[in-house]
Each structure stands twice: as C-alpha cells, then as structure tokens.
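Close look at the chain arrangement
Okay, here's what each chain looks like letter by letter:
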Amino acid sequence: MSRPDRGTRAMHQALPPALRDAVDDFAEHLSRVRNRSAHTVRAYVTDLVSLLDHAVRMGCVDLAELDLSVLRSWLAKQRTTGAARTSLARRAASARAFSAWAHRAGLLPADVGAALASPRAHRELPSVLRADQAAALVEAPSRQAPPTDPPAEPGAGAAAEAVPLRDRVLLELLYATGVRVSEACGLDVGDVDHGRRVIRVFGKGGRERSVPYGVPAQRALDDWLRRGRPAMVGARSGDALLLGARGGRLNPTTARQIVGAYAETAGLPRTSPHDLRHSAATHLLEGGADLRAVQELLGHSSLASTQIYTHVSVERLRAAYRQAHPRA
C-alpha cells in the first residue's frame, strides 16, 4: 500500500482485517493494474480508509454490508466538516472507483457506488502569466543568482556554474512544452529527439506522447548537456536528463521550489510549474492553435479538461476590453 499520512495509517490499522485487506488489494490494483502514480494511489487510499472507518462506526463489520446509504452518510459528514466541493467530488469519485472494483472482485454483491451523486466541482480559472512574464521567468537563470537547492538535496559536490544551466532548461521545457513537472523530472537523456525537436513524455497512466519544443529550449538543452550535466553527473544519475545537486534525478518537489524561487526574485506573481503549463496552453490558444492539438500536447484524455483554457482566453480579452475601451 502507498504510504499514507500517520492519521490514515492509524485508521487503516484499526479497520477489521477483511476491510483492511480490501484497502490493500485496491491500492495494489491501482498501482499495478491501473498504473496510477503513488500520489494518486495515496489520495484514493486516504479517501477509502476514511469511508470504511465511517462504515465501521455505522455498524458495518463486513464489506458486503456497505450500501449507498453509508456512502451518502460519509459524504454528508464530510460536507458538515467544511470539505470543499472539489474535495467532495474527488471523494465521491474514490468511493465509486472502489465500489466498482469491489463488485468486479466479488467483494460487493452490487456496485452500490454507481448511483452515488457528487457536487459538481467548482473550477477556478487557472493562474496564467502574461507572455512577457513567462519570458522573464524562463530567462531568469541567465540574469540572477540561482536559488540554492533545498536541504533535501544539498549543493555539496555540484559545480555552481551547472545549476543555472539546469534551472534554465527546466524552466524552458516546462513553458515550451507544457508538460507536468513530474513528466519533466521523469525525462531521460534518450527521450530528447534533437533533430526533430520533440521530447518523448510518459504521462498519466503511462500514456506516451511526443511533444515539440522550440529553438530557445534547444539552446538551453545543448548548454545543459554540453556543460551542465557532466559537472553534476554521478553514480546515481543513470539516464536522467535533469539532475539534483547530489547527482540523482531531479525530484518534482525540488523543481517546484526552483520555479517558485526564480519567480519571487524576478518580482513575478507566485508561480508553480503547473502555472507554466497553464500559461503554455493559454498562449498557444491565443496564438491560434487548435484546441485538439493543445489537448494532445498536454496529454489530456478528455477535451473538456482542455476547454478551460478557452475560458481563460475569453476572460483575458474581457479584462483588456474593460481596461482599454472608453465605453466598457
């Protein structure tokens, strides 16, 4: 089972053995069969343990006793404790996924979660940088002192001049390709096709896609591979494209801190790698890219996930109109 937090572990251990085994088997199914990330498995497990703990408190001692009323009662309790609609929607999805799996596995006589409704999650418009702000951010490593790698990866042993080259290529790739930070950190040297200027990315569920990048990112890659990576490479590097200060693969937490630190010192709004992904998608659509092409580039399984960026573009247009038009 993925490593949940201490409270969830305690609740998991307190469950009756049959329910505890069901949680573990479901987590194994998500990880090995569905190929979900450790983060996703951890979220599902946290929700499921909370649900089954609630079921036990309602008198369910056997999984077969789990029914729709228990699921609804659990969600109602979450609502009364102040859970946001987005959290309720995710927890309902977790319950439905577990119910469907347990029914297929013969642990539930019926898929009781199929009829479970959930509140529609309110989708906030993503935070998007202007094109000039994005350019200032990706160029920041060339103009300012690099933020020190966080304590998890102390800088001893890494050549100081290699760090800004690593940071520049990280920022360039995040903005040029719109990849997720986990996808960028998961890149190997062999995933870069320099001739065609595309990278091979393995996204959610292990789905593979090819994503193009531009000339500035190519220059940053060339500098990193020629002068930066050789100075940081070590026994733990393997084929990883981006390296941390100890020579191992750069981890997403460190990458998020790098992006945030450069944005702060450049005087930009608080920015995460995902904000650069949002910015890349929005700027592509504003430049005339087809929505389907952006969907493929981002690796979205549903076009609905990509359509949020059309709303961002419209809102930016409305803001510009209100600011500039004398009759706004």
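Data block above holds the structure.
The rules behind these values
- Every chain is numbered independently, its residues counted from 1 as its sequence is written.
- pLDDT decides what is reported in this predicted model: residues at 70 or higher carry local features, side-chain atom pairs at 80 or more are listed and counted, and totals for whole chains, interfaces and linings draw on all residues regardless.
- Neither water nor hydrogens contribute to the side-chain values; these are computed over all heavy atoms in the structure.
- Where helices and strands are cited, they refer to DSSP runs of H or I of at least four residues and of E of at least two residues respectively, numbered from the N terminus.
- A 1.4 Å probe rolled over the protein chains alone gives each residue an accessible area, and that area as a share of the maximum for its type sets the label: buried under 20%, exposed over 50%, partly exposed in between.
- Contact between two residues is taken to exist if any of their heavy atoms lie within 4.5 Å; hydrogens are not considered.
- Using a 1.4 Å probe, the Shrake-Rupley method yields the accessible areas, and only the shown protein chains count as cover for residues.
- Expected span, for any helix, means 1.5 Å times one less than how many residues it has.
- Our arc is simply the arc of the directions from the helix axis toward the C-beta atoms.
- Strand pairing is assigned whenever DSSP identifies at least 2 bridges connecting the two strands.
- By definition, a salt bridge exists where a carboxyl oxygen of Asp or Glu is found within 4 Å of a side-chain nitrogen of Lys or Arg.
- Note on aromatic contacts: the rings of Phe and Tyr and the six-membered ring of Trp form a pair at centre separations within 6.5 Å, being stacked when their planes are under 30 degrees apart, edge-to-face when over 60 apart, and tilted otherwise.
- Axis lines are fitted to C-alpha atoms, over the contacting stretch for helices. Their N-to-C directions set the angle, which ranges from 0 to 180 degrees.
- Working definition: roughly parallel below 35 degrees, roughly antiparallel above 145 degrees, roughly perpendicular at 65 to 115 degrees, and oblique for all remaining angles.
- Under the scheme applied here, ten amino acids are nonpolar (Ala, Val, Leu, Ile, Met, Phe, Trp, Tyr, Cys and Pro), four are charged (Asp, Glu, Lys and Arg), and all others, including Gly, are polar.
- In this analysis a 1.4 Å probe is tested at points of a 1 Å grid over the protein atoms alone, and where it fits but cannot get out there is a cavity; an open set with protein on both sides within 12 Å along at least five of seven lines is a pocket; lining residues have an atom within 4 Å of a point.
- Grid points are joined across faces, edges and corners, and a volume is the space filled by probe spheres set on the points.
- Pairs of N or O atoms are called polar contacts if they sit within 3.5 Å, as long as, within protein, a hydrogen donor faces a hydrogen acceptor (for residues adjacent in sequence, only side-chain-to-side-chain pairs).

**Looking at the overall build of the chain**
A tally of helices and strands in the chain yields 14 helices and 3 strands. Within the span of the chain, comprising 328 residues, buried residues form 44% of the whole. Counting only contacts in the chain whose residues sit at least 6 apart along the sequence, the fraction spanning at least 24 positions is 61%. Summed over all atoms, the accessible surface of the chain reaches about 16800 Å², with 51% contributed by carbon and sulfur.

**A word on helix 2 (residues 17-33)**
Helical periodicity: at 3.6 residues per turn, an α-helix aligns residues three or four positions apart in one direction. If you check helix 2, its first and last C-alpha atoms are 23 Å apart, about what 17 residues at 1.5 Å a residue would give, namely 24 Å. Residues of helix 2 that are buried: Leu19, Ala22, Val23, Phe26, Ala27, His29 and Leu30. The arc enclosing the buried residues of helix 2, seen along the axis, measures out at 155 degrees, which places them on a common side. Those residues of helix 2 that are exposed and angled more than 90 degrees off the buried face are Pro17, Arg32 and Val33. Where helix 2 terminates, the next one or two residues include Asn35, which has phi positive at roughly 60 degrees.

**Details of the sheet that holds strand 2 (residues 198-202)**
Spatial ordering of the open sheet is given by 1-2-3, a layout of 3 strands whose pairing is antiparallel. Looking at which strands have only one partner, the edges of the open sheet turn out to be strand 1 (192-193) and strand 3 (208-212).

**Description of the pattern of salt bridges**
A full pass over the atoms with the stated rule returns 13 salt bridges. With a shortest N-O distance of 2.9 Å, Arg130 and Asp132 are connected by a salt bridge. Arg130 gets classed as partly exposed once you look at its relative accessible area, which sits at 45%. We classify Asp132 as partly exposed; its relative accessible area is 44%. Within the structure, one salt-bridge network assembled from shared partners comprises Asp47, Arg90 and Arg91.

**With respect to the packing of aromatic side chains**
The tally for this structure, following the rule as stated, stands at 4 aromatic pairs. Judged by centre distance (6.1 Å) and plane angle (85 degrees), the ring pair of Phe26 and Tyr44 falls under edge-to-face. Taken together, the residues span a long stretch of sequence, with Phe26 in helix 2 and Tyr44 in helix 3 (residues 38-57) at a distance of 18 residues. Considering the side-chain rings of Phe98 and Trp101, the 5.8 Å spacing of their centres and the 35 degrees angle between planes classify their relative orientation as tilted. On the criterion of helical spacing, the pair formed by Phe98 and Trp101 is a turn pair, its members being 3 residues apart in helix 5 (residues 85-104). Judged on exposure class, the residue Phe98 and its partner Trp101 are both buried. Counting every residue linked through ring pairs, the aromatic cluster contains Phe26, Tyr44, Phe98 and Trp101.

**Re the packing of helix 7 (residues 162-177) against helix 11 (residues 273-286)**
In a packed pair of helices, the relevant descriptors are the angle between the two axes and the axis-to-axis distance. Look at helix 7 against helix 11: their axes get within 7 Å of each other, and the N-to-C directions meet at 40 degrees. Taken together, helix 7 and helix 11 sit at an angle that is classed as oblique. Seen from helix 7, the contacting residues are Leu171, Leu174 and Tyr175; seen from helix 11, they are Pro273, Leu276, Ser279, Ala280 and His283. In terms of residue class, the contact of helix 7 with helix 11 is built from 6 nonpolar, 2 polar and no charged.

**Some remarks on the layout of surface pockets**
Empty space within the second largest pocket amounts to approximately 160 Å³. Met11, Thr46, Asp47, Ser50, Asp53, His54, Trp74, Lys77, Gln78, Thr81, Arg90 and Arg91 together form the lining of the second largest pocket. Elements that contribute at least two residues to the lining of the second largest pocket include exactly helix 3, helix 4 (68-80) and helix 5. No other element matches helix 3, which puts 5 residues into the lining of the second largest pocket. Here the residues of the lining of the second largest pocket are counted per class, giving 2 nonpolar, 5 polar and 5 charged.

**Brief notes about unusual backbone geometry**
Positive phi values are uncommon outside glycine, yet Asn35 reaches one of about 60 degrees. Secondary-structure assignment places Asn35 in the loop between helix 2 and helix 3. The class of Asn35 is partly exposed, set by a relative accessible area of 41%. For Arg197, which is not glycine, the phi torsion reads 55 degrees and is therefore positive. Locating Arg197 in the fold gives a position in the loop between strand 1 and strand 2. Since its relative accessible area comes to 32%, Arg197 is described here as partly exposed.

**What to know about helix 10 (residues 252-265)**
The terminal C-alpha atoms of helix 10, which comprises 14 residues, lie 20 Å apart, in line with the 20 Å expected from a rise of 1.5 Å per residue. Those residues of helix 10 that sit buried are Thr254, Ala255, Ile258, Val259, Ala261, Tyr262 and Ala263. The inward-facing, buried residues of helix 10 contact helix 6 (131-139), helix 7, helix 8 (181-185) and helix 11. Structurally, the start of helix 10 carries an N-cap: the backbone nitrogen of Thr253 is 3.1 Å from a side-chain oxygen of Asn251.

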